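Fold and contact review
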Amino acid sequence: MSVGATAAALADRLTIATVNNGDMIRMQKLSTYFTAENPEIELQWVTLDENALRRQVTNDIATGSGHYDIMTIGTYEVPIWGRRGWLAPLDDLPASYDAEDLLPAIRDGLSVDGKLYAAPFYGESSMVMYRTDLMEKAGLIMPEAPDWQFIRKAALALTDRDAGINGICLRGKAGWGENVAFLTAASNSFGAKWFDMAWRPQFDSPEWKETLSYYIELLNESGPPDAAQNGFNENLALFQSGKCGIWIDATVAASFVTNPATSQVAGKVGFALAPDHGLGKRSNWLWAWALAIPISTPNTDAAKKFIEWATSKDYQALVAEKEGWANVPPGTRTSLYENAEYAKLAFAKMTLDSITGADPLDPTIDEVPYVGIQFVSIPEFQRIATAVGQQFSAALAGRISIDDALGNAQALTTREMKRTGYN
């Protein structure tokens, strides 16, 4: 084979960086249907946990290393990287793709100046998932729109240490997309914020102290041992195995906890909106895991072909055919929620209500200078929030006090914001 022929063959090998959650693993399995239709394209997968994925793809695109042809990124990265010219636009997808069918909140979060820079594989908000049998046993009824006071009461009532049942499971693992995502969304409902209008950090506020104190006390009373080590996947495993009474996390988890093949509590799960604190803001976030093409790849056309397939209505139909409607990637297309079969699912309406009720343009009670609910849409946030998450996780583990965690968060955030010229 000549050098030219070898280069041509390699041009259609796509290296895809993705996250190790159930929907993405299913996509990897079903991608054999794509390669059967497109035998000239070879797929190579790099599957990582959330924290590792974010570190690797951020480093790769910032340095222009070009290790990946397709990256799994989210509504935090896409607007920032799109504005910097790091991503190939997806404004030329064929009419059959039907970009107008994408849910407006999700599409807008993946666009810059109206131009799509990543295609959503699934969209999510957050909500309460709870054991209906344990609630009934405790004589409690979960409101459709609970507050944090009720959540604490219910978690304590559902806790049964002798039976190995934790009343509640929440993200405790350090990471800007792990414990910081949960706590930032929750803090909005307590009246807290990351910055005031002059970009001054606000971790020294009473609202942040109330948020972190509530969270740590709740998990100490009713949470699992070593809660500071648990992220989305760990809590999913705990809930599926019957060890959590309440879990507040991503709406995408609904299909996993209700699947009899993977969940011991399928058929015993109810859903409610993420809690509020009586101040006018709920604690639900907005996120999409999306597929994007770094501008460094020489394989843009092949990458677009795969992304078009993986985020299409046809892919949703394929998942429904092979694994049932409950396992279709949620939260991306209006047509999915208009589908009569999908609408029958217990979590479908609650997922849609949670997504449409989240407003990244108005995330907090007080006015703030930033966009984002569980994150702040500035380039520095990823680095700052990673360090803040370590402080919060250390406080949850009991290694430092709540006051020290907030004081350290205030100091390091102030230092970084001054260094980068915000104040």
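Everything numeric in this text was worked out from a predicted model, so none of it was measured. (Residues numbered from 1 in each chain as written. Predicted model: local features only at pLDDT ≥ 70, side-chain atom pairs only at ≥ 80, totals over all residues. Heavy atoms only, no water.)

Judged by nonpolar contacts, the single largest core of 145 residues is most densely connected at W194, I246, F306, F381 and F392. Setting aside its immediate chain neighbours within four residues, F392 contacts N179, L183, F203, W208, L212, A405, L406 and A409. (Core = buried A, V, L, I, M, F, W, Y, C linked by side-chain atoms within 4.5 Å. Buried < 20%, exposed > 50% of the residue type's maximum accessible area, 1.4 Å probe, protein only. Contact = heavy atoms within 4.5 Å.)

Next up on the list: unusual backbone geometry. For D113, which is not glycine, the phi dihedral falls at a positive 50 degrees. Position of D113 relative to the elements: it lies in the loop between β4 (111-112) and β5 (115-116). Phi at W199 takes a positive value of approximately 60 degrees, unusual for a residue other than glycine. Locating W199 in the fold gives a position in the loop between α8 (179-189) and α9 (206-222). The exposure class of W199 is buried, given its relative accessible area of 15%. (Helix = DSSP H or I, 4+ residues; strand = E, 2+ residues; numbered from the N terminus.)

Turning our attention to the packing of α8 against helix α17 (residues 381-396). A pair of packed helices can be characterised by two numbers: the angle between their axes and the separation between those axes. Running from amino to carboxyl end, α8 crosses α17 at an angle of 90 degrees, the nearest separation of the two axes being 9 Å. The orientation of α8 relative to α17 falls into the category roughly perpendicular. Residue-level inspection shows N179, V180 and L183 of α8 in contact with α17, the latter providing F381, A385, V388, G389, F392 and S393. A breakdown of the residues in the contact of α8 with α17 according to their chemical character gives 6 nonpolar, 3 polar and no charged. (Axes fitted to C-alpha atoms, helices over the stretch in contact; angles between N-to-C directions. Parallel < 35°, antiparallel > 145°, perpendicular 65-115°, else oblique. Nonpolar A, V, L, I, M, F, W, Y, C, P; charged D, E, K, R; others polar.)

With that settled, consider the packing of α17 against helix α18 (residues 402-419). For the pair α17 and α18, the least separation of the axes is 9 Å and the interaxial angle reads 170 degrees. By the angle between their directions, the pair α17 and α18 is classed as roughly antiparallel. In this structure, α17 uses R383, I384, A387, V388, Q391, F392 and A395 to contact α18, whose residues at the interface are D404, A405, L406, N408, A409, L412, T413, E416, M417 and R419. Looking at the contact of α17 with α18 residue by residue, the class counts come to 10 nonpolar, 3 polar and 4 charged.

As a further point, take the side chain of T211. Mapped onto the secondary structure, T211 falls in helix α9. Judged by its relative accessible area of 1%, T211 is buried. Each residue touching T211, except ones within four places of it in the same chain, is listed here: L183, A186, S187, F190 and A192.

A few words on the state of the cysteines. Applying the stated criterion across every chain yields a total of 1 disulfide. Residue pairing for C169: its cysteine sulfur links by disulfide to C244, the two sulfurs lying 1.8 Å apart. Measuring handedness by torsion sign, the sulfur bridge of C169 and C244 sits at about -70 degrees and is left-handed. One end of the pair, C169, is in strand β8 (residues 166-169); the other, C244, is in strand β9 (residues 244-250), and 75 residues separate them in sequence. (Disulfide = S-S within 2.5 Å.)

Moving on: helix α13 (residues 313-323). Turning to α13, its buried residues are Y315, Q316, L318, V319 and A320. If you follow the buried residues of α13, they end up packed against α2 (22-37), β6 (119-124), α12 (300-310) and α14 (334-338). In the segment just after α13, G324 is the residue with positive phi, at about 95 degrees.

Right, let's get into the pattern of salt bridges. Summed over the entire model, instances satisfying the criterion amount to 26 salt bridges. For D366, the salt bridge goes to K193, with nearest N and O atoms at 3.0 Å. With D366 in the loop between α16 (348-356) and α17 and K193 in the loop between α8 and α9, this pair connects stretches of sequence that are 173 residues apart. Taken together, the shared-partner salt bridges connect D23, R26, K29 and E323 into one network. (Salt bridge = Lys/Arg side-chain N within 4 Å of Asp/Glu carboxyl O.)

This next bit is on the sheet that holds strand β7 (residues 126-131). Read across the sheet, 4 strands follow the order β8-β9-β7-β10 without closing on themselves; strand pairing throughout is mixed. If you trace the sheet from one side to the other, it starts and ends with β8 and β10 (269-273), each paired once. Between one strand axis and the next, the sheet turns through 20 degrees on average, direction left out of account. Bridge analysis of β8 against β9 gives 3 bridges, and the strand direction is parallel. (Pairing = 2+ DSSP bridges.)

That is the geometry; function is a separate question.
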